Amino acid sequence: MKKTEKRPQPAPLDIHRLLSAHFGPLHWWPGETPFEVMVGAILTQNTAWTNVEKAIAALKAEGLLDPAALAAADPDLLRRLIRPSGYYNQKAERLLLFVRWLLDKPWRGSLDALRRADTADLRERLLALKGIGPETADSILLYALDHPVFVIDAYTRRIFSRLGLTAPDATYADLQEWFVSRLPADRALFNEFHAQIVYLGKDYCRKEPRCGECPLSGFCADGGRRN
DNA sequence: GACCAGGCACATC
DNA sequence: GATGTGCATGGT
């Protein structure tokens, strides 16, 4: 398609509404407890969720989906249990560092304290942990602790870049600012919108996309060209 | 067998 | 600040 040709430029909120109509309520993230969500956020780094599920199930079977139990776990056992999620040496270390931080001052494992904490301050503290980058920190903040942050991931980058709305090489902070400045600061909206982006990414907008059935194909620079 | 998947840390320029 | 590389499994 030629660059001079005009295409509708939807606002993020329009896209969110369109995806709401397409997917209905999603009730994300897949995890039974906030702690399971946090563990999943670390294990899913650059890894297919199906592999993470195997690791989570193994941890659950050993009774390790609990902060104190995980902190006390034998690192070798931990590495074995999370092996299916890949990068298991790194991720075992990251989980242990994270859970020690969780149990240490000032939270002492209290989810209430973490929920009440100042969002920006808590985010900084998470980012200071080895193995917790911006996406993992924001996923924990939003999906485990109900803080109003907008999560950016590979799907977000790919989808909005293909739509022609953001630059393919935009930084995490650039993309987050792009969304936050165009949306009301609503925790439930951020939660649902990111969930929709992941569903859209999984169903239609992988590296080899299936644009034909994508609900956004009408807006997309790549729309209808691939199947 | 190659490519891909809901990152991150670290080295180097 | 940008760019390149290692980390590892399981599905397609």
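Residues numbered from 1 in each chain as written. Chains lettered and ligands numbered in written order. Predicted model: local features only at pLDDT ≥ 70, side-chain atom pairs only at ≥ 80, totals over all residues.

## Remarks on the overall build of chain A
Condition: Helical segments are the DSSP runs of H or I of at least four residues, strand segments are the runs of E of at least two, and each set is numbered from the N terminus. As defined in this context, the radius of gyration uses C-alpha atoms, and a globule is described by 2.2 Å times the residue total to the power 0.38. Three exposure classes are used. Buried residues have 20 or more other C-beta atoms within 10 Å of their own C-beta, exposed residues have 12 or fewer, and partly exposed residues fall in between, all C-beta atoms being placed from the backbone. The contact rule is simple: place each C-beta atom from the backbone, and if two of them lie within 7 Å, those residues are in contact.
Across its full length, chain A holds 12 helices and zero strands. In sequence order, the secondary structure elements of chain A are arranged as α-α-α-α-α-α-α-α-α-α-α-α. Its C-alpha atoms give chain A a radius of gyration of 19 Å, near enough to 17 Å, the size a compact globule of 227 residues would have. Buried residues in chain A amount to 30% of all 227 residues. Residue pairs at least 24 apart in sequence account for 60% of intrachain contacts in chain A once pairs closer than 6 positions are excluded.

## Focus: the protein's contact with DNA strand B
Quick reminder of the rule: All residues are tested the same way: a C-beta atom is placed from the backbone, and lying within 6 Å of a molecule or strand makes the residue near it. In this classification, Asp, Glu, Lys and Arg are treated as charged, Ala, Val, Leu, Ile, Met, Phe, Trp, Tyr, Cys and Pro as nonpolar, and every other residue, Gly included, as polar.
The environment of DNA strand B is formed by 27 residues, the closest being Q45, N46, G133, T136 and A154. Elements represented by at least two residues in the surface near DNA strand B include exactly α9 (134–144), α10 (154–162) and α12 (187–203). The element that contributes the greatest number of residues to the surface near DNA strand B is α9, accounting for four residues. Of the residues in the surface near DNA strand B, the class split is 11 nonpolar, 10 polar and six charged.

## Examining the protein's contact with DNA strand C
In the vicinity of DNA strand C, 14 residues are found, and the nearest of them are P84, G86, Y87, N89 and Q90. Of all the elements in the fold, those that place two or more residues in the surface near DNA strand C are α3 (49–61) and α6 (88–103). In terms of residue class, the surface near DNA strand C is built from four nonpolar, eight polar and two charged.

## With respect to α6
Rules: Between the first and last residue of a helix there are one fewer steps than residues, each counted as 1.5 Å, and that sum is the expected span. This arc is built from the directions going out from the helix axis to the C-beta atoms.
For α6, built from 16 residues, the straight-helix expectation of 22 Å at 1.5 Å per residue is met to within 8% by its first-to-last C-alpha distance of 22 Å. Listing the buried residues of α6 in full gives K91, A92, L95, F98, V99 and L102. Looking straight down α6, one finds its buried side chains confined to an arc of 135 degrees; they lie on one side. Contact partners of the buried residues in α6: α2 (34–43), α4 (67–71) and α5 (75–81).

## Some words on the nonpolar core
Filter applied, for reference: The term nonpolar core refers to a set of buried Ala, Val, Leu, Ile, Met, Phe, Trp, Tyr and Cys residues connected through C-beta atoms within 7 Å.
Among the nonpolar cores identified, the biggest contains 52 residues, and V39, L59, L95 and I140 are the most heavily contacted of them. The greatest single-element share of this core, amounting to six residues, is contributed by α9. In this structure L95 touches V39, I42, L70 and L78, once residues within four positions along its chain are discounted.

## Some words on the domain arrangement of chain A
Put simply, the test is: The source of the domain bounds is an automatic or database domain assignment.
Structurally, chain A comprises domain 1 (12–27 + 151–213) and domain 2 (34–144). Taking only C-alpha atoms into account, the centre of domain 1 sits 24 Å from that of domain 2. Contact residues are listed per partner, giving six residues for domain 1 and six residues for domain 2. Partitioning the side of domain 1 that touches domain 2 into residue classes produces four nonpolar, one polar and one charged.

## Side note on the packing of α10 against α12
Our working rule: An axis is simply a line fitted to the C-alpha atoms; with a helix, the fit covers only the stretch in contact. Between two such axes, the angle follows the N-to-C directions and lies from 0 to 180 degrees. Note that the term roughly parallel is reserved for angles under 35 degrees, roughly antiparallel for angles over 145, roughly perpendicular for angles of 65 to 115, and oblique for everything else.
Contact geometry for α10 and α12: axes closest at 9 Å, N-to-C directions at 75 degrees. Between α10 and α12, the crossing angle belongs to the class labelled roughly perpendicular. Along its contact with α10, which presents Y155, T156, R158 and I159, the element α12 presents I197, V198, L200 and G201.

## Describing the environment of A154
Its place among the elements puts A154 in helix α10. Each C-alpha atom, one on A154 and one on R83, is 23 Å from the other, the two residues being 71 residues apart in sequence.

## Regarding unusual backbone geometry
Of note, the bond from W28 into W29 is cis; its omega dihedral lies within 30 degrees of zero at 0 degrees. Going from K105 to P106, the amide bond is cis rather than trans, its omega being 0 degrees. Assignment of secondary structure puts P106 in the loop between α6 and α7 (111–116). Even without a glycine there, the phi angle at N46 is positive, about 55 degrees.

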